Amino acid sequence: QVQLVESGGGLVQAGGSLRLSCVASGPTVIINTMGWYRQAPGSQRELVASISNGHATSYTDSAKGRFTISRDNNKNTIYLQMNSLKPEDTAVYYCYALDRFISGRYYWGQGTQVTVSS
């Protein structure tokens, strides 16, 4: 079973930056795409950014130009550098990983809280 552990969340003022990390452990060879979702209170979970094994990236429109996702396959770690943070970025951020062999099989981290004050 793949396990994901996030870190790096916290409280920051609007305009500030945070860097989230997600470390994968277990049978990581089965992992393909990884990325980040977020969920604000009363809202649905939203895909923020993703990165493939080949480092192809994708972002939701609200993250483009402000967030950067990266991946270190040697460390089984992905990162989300978040700049120019806005209060509407406040949410719990969840790391996920997709199983390359089992279609639709997701692995999830426990989530890390990001709070942006105005």
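Heads up: these notes are all about the structure in this document. Predicted model only: the values in this text are computed from it and were never measured.

**Remarks on the state of the cysteines**
Logical step 1: Across all of its chains, the model carries one disulfide by this definition.
Logical step 2: Between the sulfur atoms of Cys22 and its disulfide mate Cys95 the distance is 2.0 Å. Because the torsion about its S-S bond is -80°, the bridge between Cys22 and Cys95 counts as left-handed. Taken together, the residues span a long stretch of sequence, with Cys22 in strand β3 (residues 18-25) and Cys95 in strand β9 (residues 91-99) at a distance of 73 residues. Residues Cys22 and Cys95 agree in their burial class; the two are buried.

**Some details on the environment of Gln39**
Logical step 1: Here Gln39 is to be found in strand β4 (residues 31-39).
Logical step 2: Distance in space between the C-alpha atoms of Gln39 and Thr90 is 8.5 Å, their sequence separation being 51 residues.
Logical step 3: Filtering out sequence-adjacent residues up to four positions away, Gln39 remains in contact with Gln44, Arg45, Ala91, Val92 and Tyr94.
Logical step 4: At a separation of 3.1 Å, a polar atom in the side chain of Gln39 contacts the main-chain carbonyl oxygen of Ser43.

**Focus on the pairing of strand β5 (residues 46-51)**
Logical step 1: Bridge count between β4 and β5: five bridges; the pairing is antiparallel. In the sheet register, Tyr37 faces β5, and the bridge partner there is Leu47.
Logical step 2: In sequence, β4 turns back onto β5 through a hairpin of six residues, with Gly42 there showing a positive phi of about 75°.
Logical step 3: Note: β5 against strand β6 (residues 57-59), three bridges, orientation antiparallel. Note that in β6 the partner of Ala49 across the bridge is Tyr59.
Logical step 4: Two successive antiparallel strands, β5 and β6, enclose a turn made up of five residues, where His55 displays a positive phi of approximately 75°.

**Topic: the sheet that holds strand β1 (residues 3-7)**
Logical step 1: Spatial strand order, β1-β3-β8-β7: four strands in an open sheet with antiparallel pairing. Two strands close off the open sheet at either side, each with one partner strand: β1 and β7 (67-72). Averaged over neighbouring strand pairs, the angle between their axes works out to 15° when direction is ignored.

**Topic: the packing of aromatic side chains**
Logical step 1: Within the structure shown, the criterion is met by five aromatic pairs.
Logical step 2: Ring geometry for Tyr37 against Tyr96: centres 5.2 Å apart, planes inclined by 70°, an arrangement best described as edge-to-face. One end of the pair, Tyr37, is in strand β4; the other, Tyr96, is in strand β9, and 59 residues separate them in sequence. Each member of the pair Tyr37 and Tyr96 is classed as buried.
Logical step 3: Note on Tyr96 and Tyr106: the rings are 5.5 Å apart at their centroids and 40° apart in plane angle, and the pair reads as tilted. Residue Tyr96 is located in strand β9, and its partner Tyr106 is located in strand β10 (residues 106-108); the two are separated by 10 residues in the primary sequence.
Logical step 4: The class of Tyr96 is buried, set by a relative accessible area of 3%.
Logical step 5: Through a chain of ring-to-ring contacts, the aromatic side chains of Tyr37, Tyr96, Tyr106 and Trp108 assemble into a single cluster.
Logical step 6: Between the NZ or CZ atom of Arg45 and the centre of the ring of Tyr94, over which it lies, the distance is 3.9 Å.

Criteria and cut-off values
Every chain is numbered on its own, with residues counted from 1 as its sequence reads. For a predicted model such as this one, the threshold for reporting local features is a pLDDT of at least 70, and the threshold for listing and counting side-chain atom pairs is 80 or more; totals across whole chains, interfaces and linings nevertheless cover every residue. Water and hydrogen atoms were dropped before computing side-chain values, which therefore reflect all heavy atoms in the structure. Disulfide: a pair of cysteine sulfur atoms within 2.5 Å of each other. A run of DSSP states H or I qualifies as a helix once it reaches four residues; a run of E qualifies as a strand once it reaches two. Both are numbered from the N-terminal end. The cut-offs for exposure are 20% and 50% of the maximum accessible area for each residue type, with area from a 1.4 Å probe on protein chains only; residues under the lower value are buried, those over the upper are exposed, and the others partly exposed. The contact criterion used throughout is that any non-hydrogen atoms of two residues lie within 4.5 Å. Each polar contact in these results corresponds to two N or O atoms within 3.5 Å; when the atoms are within protein, one needs to be able to donate a hydrogen and the other to accept it, and residues that are neighboring in sequence are counted only if both atoms are side-chain atoms. Here, any two strands with at least 2 DSSP bridges between them count as paired. Interaxial angle, 0 to 180 degrees, is taken between N-to-C directions of lines fitted to C-alpha atoms, where a helix line uses only the stretch in contact. To pair, rings of Phe, Tyr and Trp, with the six-membered ring standing in for Trp, must have centres within 6.5 Å; the planes then decide the type, stacked if under 30 degrees apart, edge-to-face if over 60, and tilted in the middle. Our definition puts a charge over a ring when NZ of Lys or CZ of Arg is within 6 Å of the ring centre and also within 35 degrees of the ring normal.

In short, shape yes, function no, at least from these values alone.
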